Every structure is written in C-alpha cells, then in structure tokens.
Amino acid sequence: MDGGSGCEPGGPKTMRKKKLCLLISTLGPGGMQKAMSLLAQYFTSKEDVEVHLILYGISKKIFFKLPETISIHKPNFDFDNESRFISTIRTLLFIRKEIKLINPDVILSFGEYWNSFVLISLLGFRTPIYISDRCQPDKSLGFFHDKLRKVLYPLAKGIITQTNAARDIYAKMISHSNIAIIGNPIDNRDGNSSSVLRENVVLSVGRLIPSKHHDLLIDIFLKVNMSGWKLVIVGGDVAYSDVKSVLQEKIRNLNAEDRVILAGNSNKVDEFYRKSKIFAFTSSSEGFPNVIGEAMAAGLPVIAYDCLAGPSDMIEDGKNGFLIPMFDDNLFVEKLSELMGNEGMQAEMGVNSRLMISRYSIERVGMQYYEFLFG
C-alpha cells in the first residue's frame, strides 16, 4: 500500500496537529515560569496540539516538571555576559533557526523584558506571535525597553494581560486591538486540606524584597496582639539582597521571635497553606499574585493591600477576604483582628475562596489560551 495518505481509502483522515511554540528565557522558580509550565501541561493534553518549548536565556535549568511529550529546544552555547553583544546575536540567530525548523502555527512568548527581543528576532516571519506580559502593568522597564514595547508590541498578533487594570493600561499605552485578559492557572491545592488541623497562623508567602513590605506586615500583626497566634513568612532573599537580616533584626528589637517566624525558602509551601488559617499580603507591586490564588485554593481567607493589579481581580471584599486601600494600616489592623477573632468568618470565607478560585483552574485558563491562540 502507498504510505502517502497515512490511512485507508475512505477511512478516517489523520488529524494534522497544530504546532504551538512557547518561548521563555528561563524556567526558574517564578510565578510566570510556573504559569507557563502549567499551560504547557494543559496543551500537551490536547490531542490536536504539538508543543515545542524554546528556552534561550542565561539559565537553562528547568525548575518545573514538564511532560515528556514536549519538545525542548535549547542553544548549545552558554550566554556569556562578558561578551554580551555577541551572545545576544547568537541567541537571536538561534531563535530564528529553531522557529524555521519547527515551523509552528502559533508562537507564544512570555516575559516583559524578553518579548521585544523575540519580536525583533522573528522580524520577517509570518507566523502569528502572541505575547504575554506578567509584571505590574504601569511599571517602567526603563526608557529603552519602554520605547521598544511601544514600537514592537503592535507587531504581535495578540497581547495577553492578566487583569482588568492591565488590559486598560495596555490599551492606552500600546496601539493594539487584540488584547485578552487571561489570569494565571492556579494549582488545585484542595486535596485533603479539610482533614488537616489548622493552626493559629497568619501566613504570607513571597520573596523578601522591599515591594512586599514584610516589615509593615510584621508591625500590623503585632499591633493586633492576639494571644496564641503566629505570623509565618515563607520566602527568601533574592540575589544581592539581604532583606532577611533586616527583618530578623526588627523582630529581635520588638522581642517577637516567638510570634513572627521567617521560614525562608521552602519546596513544601503547600503544607504551610494547609496548616494556616489566614493569608495576609502587603505587596504594593503585582502583575498577578499567584500566592493569593494558591492560598484561596487551599481554603484560606485573604487580606491584602489593593495594589494596582491582581488582588481586586481575585478578592471580593467581605466575601473571601478583605481588600485594604494601599498603606491604610489602621484598617488592615482592624480587619485582620476581626478575621483572627472570628472562626466562623474564617471558615465561611475559606469556602468562598475555594469556590471563587475555580475560575483560574488549569482547564479553564488553558481553554481561554487555546481559544485566543487558535480561535
């Protein structure tokens, strides 16, 4: 039999799979990288999609588990910062070469600093390119990068933002008619959490960086001054930073070592979510705060600053937590105290959290991406 058709005459036709190429600079332990890995898992579960991943940044280490069916493409050279210009050109040529070989139907690029680079790298290609920015939408990336975005982003087939605020800002900042609002997929952490004995713990999760304002959270918690409760902060310092030692000194000076715990980085964050009763978040700069979604999925009420993008898309004030105007710490103290002192409110808001976060399930978010990319 002639193998050209791949099927018997009159039989079912072999479906040609849609080729999706994902581009990201690194798959380290970040919210954007985790979201992309979850989306990659979703797309590989689709019978009509073939997934390719191009990983092209300085670090080629893959932090998150990916399905074996994903084709991973990495340059066979290291990015040399001492010869940055040459390494950048080599990376640009690598991306062009791989895209030509893969010949995808759709390209999806992640990373506010790298999306412009991808668009430059693929100038002249006719393949539709979609880009996804994950940072605080009004955040300046510096004069050069801001200008590049305004010039290059209109060349993309579509732009994916994570929140309503981000979509409004991008609509004004960039001349583009195809902007979608799609949040990050959130892991379902429900599991057997209802059978775990929760402790009197106010939990916060996030890198120890100034914009998270852990110092203010410590002050707020201690002002509530409720016996038997602890504040646990999970997260570590970032490179070239030593915020942890500053926070430790603050805790010592306040004689609060037995009430405020800096747990550091942990690969078992799920356990902290399951054992805590309340999630508190004092960040002032977010794109889409995954940790709020993870806390909600674990059945926690959330109290957070209402920063520009993120919390207001996830928290319905008074239903599954409280939104606090930026730096209104007196109100934060009042609402946190109310929540800590009312187990019924904790339980009711926790149930609402689980129900409301289902809108960000991997299946629902994945389908939104699928329809936007392949519509």
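Residues numbered from 1 in each chain as written. Predicted model: local features only at pLDDT ≥ 70, side-chain atom pairs only at ≥ 80, totals over all residues. Heavy atoms only, no water.

A. Highlighting the overall build of the chain. Along the chain, the regular secondary structure elements total 13 helices and 13 strands. In terms of overall dimensions, the chain is globule-like: its C-alpha atoms have a radius of gyration of 23 Å, near the 21 Å expected for 375 residues. By its C-alpha atoms, the chain is 80 × 55 × 35 Å across when sized along the principal axes. The burial tally for the chain puts 52% of its 375 residues in the buried class. For the chain, the proportion of contacts with a sequence separation of at least 24, taken over those separated by at least 6, is 66%. By element, 50% of the accessible surface of the chain is carried by carbon and sulfur atoms, the whole surface being about 18,100 Å². (Helix = DSSP H or I, 4+ residues; strand = E, 2+ residues; numbered from the N terminus. Rg over C-alpha atoms; globule rule 2.2 N^0.38 Å. Buried < 20%, exposed > 50% of the residue type's maximum accessible area, 1.4 Å probe, protein only. Contact = heavy atoms within 4.5 Å. Areas by Shrake-Rupley, 256 points an atom, 1.4 Å probe, with all protein chains shown as cover.)

B. Spotlight on the sheet that holds strand β2 (residues 49-55). Taken in spatial order, the seven strands make up an open sheet running β3-β2-β1-β4-β5-β6-β7, and their pairing is parallel. Each end of this open sheet is capped by a strand with a single partner; those strands are β3 (71-73) and β7 (179-181). For this sheet, the mean inter-axis angle between neighbouring strands, taken without regard to orientation, is 20 degrees. Taken together, the three bridges between strand β6 (residues 158-161) and β7 define a ladder with parallel strand orientation. For I159, the partnering residue across the bridge sits in β7 and is I179. Contacts from helix α1 (residues 31-44) reach β1 (18-24), β2 and β4 (106-110), with the element oriented near 165 degrees to β1. (Pairing = 2+ DSSP bridges. Axes fitted to C-alpha atoms, helices over the stretch in contact; angles between N-to-C directions.)

C. Broad picture of unusual backbone geometry. A positive phi angle is found at N225, which is not glycine, with a value near 50 degrees. By the secondary structure assignment, N225 is in the loop between α6 (214-224) and β9 (230-234). Take N225: its relative accessible area is 53%, and that puts it in the exposed class. In this structure, N255 is a non-glycine residue whose phi angle is positive, near 55 degrees.

D. Local environment of a nonpolar patch on the surface. Together, F85, I86, I89 and L93 give the surface a local cluster of nonpolar side chains, amounting to about 430 Å² of exposed area. Secondary-structure assignment places I86 in helix α2 (residues 84-102). (Patch = residues over 30% accessible without salt bridge, like charges linked within 9 Å, V, L, I, M, F, W, Y side chains within 5 Å. Salt bridge = Lys/Arg side-chain N within 4 Å of Asp/Glu carboxyl O.)

E. Geometry of the side chain of R149. Looking at the element boundaries, R149 is found in helix α4 (residues 143-152). For R149, a relative accessible area of 2% translates into the label buried. A polar side-chain atom of R149 sits 3.1 Å from a polar atom in the side chain of D133. Here the side chain of R149 touches Y170 through a polar contact of 3.0 Å, side chain to side chain. Setting aside residues no more than four positions away along its own chain, R149 makes contact with S116, D133, K139, L141, P154, Y170, M173 and I174. (Polar contact = N/O pair within 3.5 Å; in protein donor to acceptor, adjacent residues only side chain to side chain.)

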